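These are the residues of each chain, in order.
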Amino acid sequence: MQKKTICNNPNLKGLSVLVIEDDPASLNEIENALKDLGARVYTAPDSGGAAGVLLRKHIHVIMAALDLVNEQCIEMVKDYKTRYPETLFYVLTGHEYDSVEPS
(Lines give C-alpha, C1' and ligand atoms only; values in the text may rest on other atoms or scores of the structure.)
Protein backbone atom coordinates (compact mmCIF):
# COMPACT_ATOMS: atom_id res chain seq x y z
CA MET A 1 0.00 0.00 0.00
CA GLN A 2 1.29 3.43 -0.94
CA LYS A 3 1.33 6.10 1.78
CA LYS A 4 -0.46 9.34 1.03
CA THR A 5 1.20 12.63 1.89
CA ILE A 6 -1.13 15.29 3.21
CA CYS A 7 1.39 18.13 3.16
CA ASN A 8 4.90 17.98 1.74
CA ASN A 9 6.50 20.55 4.03
CA PRO A 10 4.35 21.35 7.04
CA ASN A 11 5.53 24.32 9.04
CA LEU A 12 4.95 23.80 12.76
CA LYS A 13 6.77 26.98 13.82
CA GLY A 14 4.99 28.54 16.77
CA LEU A 15 3.27 25.31 17.83
CA SER A 16 4.09 23.66 21.11
CA VAL A 17 3.68 19.89 21.18
CA LEU A 18 3.69 17.58 24.18
CA VAL A 19 4.65 13.99 23.37
CA ILE A 20 3.82 11.34 25.99
CA GLU A 21 5.86 8.24 25.18
CA ASP A 22 7.71 5.78 27.41
CA ASP A 23 9.87 4.17 24.70
CA PRO A 24 13.08 6.26 24.44
CA ALA A 25 13.79 5.32 20.81
CA SER A 26 10.27 6.19 19.65
CA LEU A 27 10.27 9.37 21.70
CA ASN A 28 13.59 10.49 20.22
CA GLU A 29 12.38 9.82 16.66
CA ILE A 30 9.10 11.72 17.17
CA GLU A 31 10.79 14.58 18.99
CA ASN A 32 13.43 15.05 16.27
CA ALA A 33 10.86 14.89 13.46
CA LEU A 34 8.66 17.52 15.11
CA LYS A 35 11.63 19.79 15.87
CA ASP A 36 12.77 19.50 12.25
CA LEU A 37 9.33 20.84 11.26
CA GLY A 38 9.74 23.81 13.60
CA ALA A 39 7.67 22.76 16.62
CA ARG A 40 8.64 23.41 20.24
CA VAL A 41 8.59 19.92 21.68
CA TYR A 42 8.09 18.90 25.31
CA THR A 43 8.25 15.28 26.37
CA ALA A 44 7.01 13.12 29.21
CA PRO A 45 7.32 9.38 29.89
CA ASP A 46 3.88 9.14 31.52
CA SER A 47 0.74 11.05 32.57
CA GLY A 48 2.37 12.32 35.76
CA GLY A 49 5.22 13.91 33.83
CA ALA A 50 2.80 15.27 31.27
CA ALA A 51 0.69 16.90 33.98
CA GLY A 52 3.79 18.75 35.17
CA VAL A 53 4.45 20.09 31.67
CA LEU A 54 0.82 21.16 31.28
CA LEU A 55 1.04 23.16 34.52
CA ARG A 56 4.07 25.10 33.26
CA LYS A 57 3.56 25.46 29.50
CA HIS A 58 0.81 26.34 27.04
CA ILE A 59 0.54 23.34 24.74
CA HIS A 60 -1.21 23.37 21.35
CA VAL A 61 -1.00 19.64 20.59
CA ILE A 62 -0.84 16.63 22.93
CA MET A 63 0.28 13.32 21.45
CA ALA A 64 0.19 10.17 23.58
CA ALA A 65 1.23 6.59 22.93
CA LEU A 66 -1.80 4.31 22.89
CA ASP A 67 -0.51 2.11 25.72
CA LEU A 68 -0.20 5.20 27.96
CA VAL A 69 -3.75 6.45 27.37
CA ASN A 70 -5.44 5.39 30.57
CA GLU A 71 -8.13 6.97 32.73
CA GLN A 72 -5.60 9.33 34.36
CA CYS A 73 -4.38 10.50 30.94
CA ILE A 74 -7.91 11.04 29.61
CA GLU A 75 -8.90 13.06 32.70
CA MET A 76 -5.73 15.15 32.42
CA VAL A 77 -6.46 15.95 28.77
CA LYS A 78 -10.14 16.70 29.47
CA ASP A 79 -9.16 19.07 32.28
CA TYR A 80 -6.59 20.82 30.11
CA LYS A 81 -9.06 21.16 27.23
CA THR A 82 -11.59 22.86 29.51
CA ARG A 83 -9.01 25.64 29.93
CA TYR A 84 -7.65 25.49 26.36
CA PRO A 85 -10.38 24.01 24.13
CA GLU A 86 -8.38 24.62 20.95
CA THR A 87 -5.75 22.08 22.07
CA LEU A 88 -5.64 18.99 19.87
CA PHE A 89 -5.17 15.47 21.25
CA TYR A 90 -3.78 12.60 19.18
CA VAL A 91 -3.20 8.99 20.09
CA LEU A 92 -0.10 7.37 18.60
CA THR A 93 -0.11 3.72 17.64
CA GLY A 94 2.45 1.45 16.06
CA HIS A 95 -0.18 0.34 13.56
CA GLU A 96 -1.06 1.74 10.17
CA TYR A 97 -4.72 2.38 9.41
CA ASP A 98 -6.47 3.02 6.11
CA SER A 99 -8.92 5.46 7.66
CA VAL A 100 -9.51 7.43 10.82
CA GLU A 101 -12.92 8.26 12.21
CA PRO A 102 -13.36 11.71 13.75
CA SER A 103 -14.59 11.88 17.31
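For the structure itself, consult the block above.
Quantities reported herein were computed from a predicted structural model and do not represent experimental measurements.

With that settled, the discussion passes to the pairing of strand E4 (residues 88-92). Where strand E3 (residues 61-65) meets E4, five bridges bridge the pair, whose relative direction is parallel. Its bridge partner lying in E4, Met63 is registered against Tyr90. In this fold, the crossover linking E3 to E4 by way of helix H3 (residues 71-83) has right-handed handedness.

Below, the discussion takes up a negative patch on the surface. Taken together, the side chains of Asp22, Asp23, Asp46 and Asp67 present a region of like negative charge at the surface. Within the fold, Asp22 resides in the loop between strand E1 (16-20) and helix H1 (24-36). Classification of Asp22 by relative accessible area gives partly exposed; the value is 41%.

Of all hydrophobic cores here, the largest spans 15 residues; its most connected members are Leu18, Ile20, Ala50, Leu54, Ile59, Ile62 and Met76. Contributions of two or more residues to this core are made by E1, helix H2 (47-56), E3 and H3. For this core, the leading source of residues is H3, giving four residues. Setting aside residues no more than four positions away along its own chain, Leu54 makes contact with Leu18, Ile59, Ile62, Met76 and Tyr80. Val17, Val41, Val61 and Met63 belong to the second largest nonpolar core, which has ten residues in total.

A separate point is H1. Given a rise of 1.5 Å per residue, 13 residues ought to cover 18 Å, and the 18 Å separating the end C-alpha atoms of H1 matches this to within 8%. What H1 keeps buried is the set Leu27, Ile30, Glu31 and Leu34. When H1 is viewed along its axis, its buried side chains cluster within an angular range of 100° and face the same direction. Across H1 from its buried face, at more than 90 degrees, point the exposed residues Ala25, Glu29 and Asp36. Where the residues of H1 are buried, they touch E1, strand E2 (40-44), E3 and E4.

Pairing in this open sheet of four strands is parallel, and the strands run E2-E1-E3-E4 from one edge to the other. If you trace the sheet from one side to the other, it starts and ends with E2 and E4, each paired once. Neighbour-to-neighbour, the strand axes of this sheet turn through a mean angle of 20°, independent of strand direction. Contacts from H2 reach E1, E2 and E3 within the one sheet, and its direction differs from that of E1 by about 165°.

About the criteria used
Residues numbered from 1 in each chain as written. Predicted model: local features only at pLDDT ≥ 70, side-chain atom pairs only at ≥ 80, totals over all residues. Heavy atoms only, no water. Pairing = 2+ DSSP bridges. Helix = DSSP H or I, 4+ residues; strand = E, 2+ residues; numbered from the N terminus. Right-handed = clockwise from strand over helix to strand, strands pointing away. Patch = residues over 30% accessible without salt bridge, like charges linked within 9 Å, V, L, I, M, F, W, Y side chains within 5 Å. Areas by Shrake-Rupley, 256 points an atom, 1.4 Å probe, with all protein chains shown as cover. Salt bridge = Lys/Arg side-chain N within 4 Å of Asp/Glu carboxyl O. Lys, Arg positive; Asp, Glu negative; His and termini not counted. Charge placed at Lys NZ, Arg CZ, Asp CG, Glu CD. Buried < 20%, exposed > 50% of the residue type's maximum accessible area, 1.4 Å probe, protein only. Core = buried A, V, L, I, M, F, W, Y, C linked by side-chain atoms within 4.5 Å. Contact = heavy atoms within 4.5 Å. Expected span 1.5 Å × (residues − 1). Arc of directions from axis to C-beta. Axes fitted to C-alpha atoms, helices over the stretch in contact; angles between N-to-C directions.

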